[in-house]
Amino acid sequence: MMRIFFFILFSLISLTASAQKMLILGDSLSAAYGMKQQQGWPHLLQQRTQWQLVNASISGETTAGGLARLPALLEQHQPDAVMIELGGNDGLRGFAINSVKSNLSEIITLVQQHKATPVLMQIRIPPNYGPRYGQQFSNIYPQLAEKHQITLWPFFMDNIATNQDLMLRDGIHPNIDAQPLISDFMYNLLEKFQTE
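Residues numbered from 1 in each chain as written. Predicted model: local features only at pLDDT ≥ 70, side-chain atom pairs only at ≥ 80, totals over all residues. Heavy atoms only, no water.

(A) View of the layout of surface pockets. Estimates place the volume of the largest pocket at around 390 Å³. In this structure, the largest pocket is lined by 20 residues; those nearest its centre are Arg-124, Ile-125, Pro-126, Phe-155 and Ile-172. Here the residues of the lining of the largest pocket are counted per class, giving eleven nonpolar, six polar and three charged. (1 Å grid on protein atoms, 1.4 Å probe; cavity = no way out; pocket = protein on both sides within 12 Å on 5 of 7 lines; lining within 4 Å. Points joined across faces, edges and corners; volume = space filled by probe spheres on them. Nonpolar A, V, L, I, M, F, W, Y, C, P; charged D, E, K, R; others polar.)

Laid out in structure tokens, this is it:
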């Protein structure tokens with residue numbers, strides 16, 4: 001009986017050790033804003049994927065903030081991959097396009113230098129910022145994905161933001177009902193994703 005127990009324990013430890021780890025570097029969209037962490041999509045996703053997810057998302061985070069925090073996060077967690085979900089707060093504050101692009105590019109480079117695989121999440125901002133700025137902002141992401149030859153994931157808010165029943169009153173953040181839908185969306189992307 002004891003031998004079986006240790007075999008099962010060893011198998012679980014081996015499985016945990018071999019699981020690939022993904023660091024989520026994001027803002028409030030990934031930080032379970034306005035709800036408990038257990039209700040957010042990263043926690044829900046963790047319950048069904050074999051990936052080990054480390055959610056390092058912070059509400060209000062900018063690309064500059066993510067860049068500043070990244071070296072310590074890479075050192076601490078040693079991820080196999082990093083999902084970059086940043087830029088929304090930069091866009092909402094009207095930050096210069098070149099600044100946002102430069103910060104994201106540095107984040108990608110740091111991840112690659114750490115022998116991890118970066119994956120970039122497309123981000124879009126509300127249309128009230130004007131079509132010119134909005135288009136320039138959206139273009140940052142495919143441009144960087146092409147430049148660095150990395151995976152670009154579609155924005156998980158595209159089908160959420162247009163449905164008021166899935167949004168908080170601020171019209172920016174997904175509510176608790178949206179979290180399982182985002183989890184499903186991310187699960188499908190993650191299952192197809194392979195690190196180099």
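Past the structure itself, the notes keep going.
(B) Looking closely at unusual backbone geometry. If you check the backbone angles, Lys-115 has positive phi at about 65 degrees while not being a glycine. Among the secondary structure elements, Lys-115 is positioned in the loop between helix 5 (97–113) and strand 4 (117–121). Look at Lys-115 and you get exposed, because its relative accessible area is 74%. Look at Gln-149: it is not a glycine, yet its phi comes out positive at around 55 degrees. Inspection of the secondary structure puts Gln-149 in the loop between helix 6 (131–148) and strand 5 (151–153). (Helix = DSSP H or I, 4+ residues; strand = E, 2+ residues; numbered from the N terminus. Buried < 20%, exposed > 50% of the residue type's maximum accessible area, 1.4 Å probe, protein only.)

(C) Here's a closer look at helix 7 (residues 179–192). Between its first and last C-alpha, helix 7 extends 20 Å over 14 residues, near the 20 Å set by a 1.5 Å rise per residue. Taken together, the buried positions of helix 7 are Gln-179, Ile-182, Ser-183, Met-186, Leu-189 and Leu-190. For helix 7, the buried positions fall inside an angular range of 130 degrees around the axis, keeping them on one side. Its buried side turned inward, helix 7 meets strand 1 (21–26), helix 2 (41–46), strand 2 (52–55), strand 3 (81–85), strand 4 and strand 5. (Expected span 1.5 Å × (residues − 1). Arc of directions from axis to C-beta. Contact = heavy atoms within 4.5 Å.)

(D) Molecular detail of the nonpolar core. Met-22, Met-83, Leu-104, Ile-107, Phe-137, Trp-153 and Met-186 are the most contacted members of the largest nonpolar core, which has 52 residues in total. Dropping the residues within four chain positions of it, Met-22 is found in contact with Trp-51, Gln-52, Leu-53, Val-54, Ala-81, Met-83, Val-119, Trp-153, Leu-190 and Phe-193. (Core = buried A, V, L, I, M, F, W, Y, C linked by side-chain atoms within 4.5 Å.)

(E) Just the packing of helix 3 (residues 63–77) against helix 5, in detail. For the pair helix 3 and helix 5, the least separation of the axes is 9 Å and the interaxial angle reads 10 degrees. Classified by the angle their axes make, helix 3 and helix 5 are roughly parallel. Along the contact surface, helix 3 presents Thr-63, Ala-64, Gly-66, Leu-67, Leu-70, Pro-71 and Leu-74, while helix 5 presents Val-100, Asn-103, Leu-104, Glu-106, Ile-107, Leu-110 and Val-111. Partitioned by chemical class, the residues of the contact of helix 3 with helix 5 number ten nonpolar, three polar and one charged. (Axes fitted to C-alpha atoms, helices over the stretch in contact; angles between N-to-C directions. Parallel < 35°, antiparallel > 145°, perpendicular 65-115°, else oblique.)

(F) Summary view of empty space enclosed by the protein. Applying the stated criterion to the full structure yields one cavity of 30 Å³ or more. For the lining of the largest cavity, the elements supplying multiple residues, two or more each, are strand 1, helix 2 and helix 7.

(G) Molecular detail of helix 5. Across its 17 residues, helix 5 extends 24 Å between first and last C-alpha, which sits within 8% of the 24 Å expected from 1.5 Å per residue. Taken together, the buried positions of helix 5 are Ile-97, Val-100, Asn-103, Leu-104, Ser-105, Ile-107, Ile-108 and Val-111. For helix 5, the secondary structure elements touched by its buried residues are strand 1, helix 3, strand 3, helix 4 (88–92), strand 4 and helix 6. Two residues or fewer past helix 5, Lys-115 is found with a positive phi of approximately 65 degrees.

(H) Main features of the pairing of strand 2. As defined by bridge partners, strand 1 adjoins strand 2 across four bridges and the pair is classed as parallel. Within strand 2, the residue paired with Lys-21 across the bridge is Gln-52. With respect to chirality, the unit in which strand 1 leads through helix 2 into the neighbouring parallel strand 2 is right-handed. (Pairing = 2+ DSSP bridges. Right-handed = clockwise from strand over helix to strand, strands pointing away.)

(I) How the structure looks around the pairing of strand 4. The buried fraction of strand 4 is high, at five of five residues. Of the two faces of strand 4, the one holding Thr-117, Val-119 and Met-121 and the one holding Pro-118 and Leu-120 are both buried throughout. Here strand 3 pairs with strand 4 via four bridges, running parallel. Across the sheet, the residue bridging to Met-83 is Val-119, located in strand 4.

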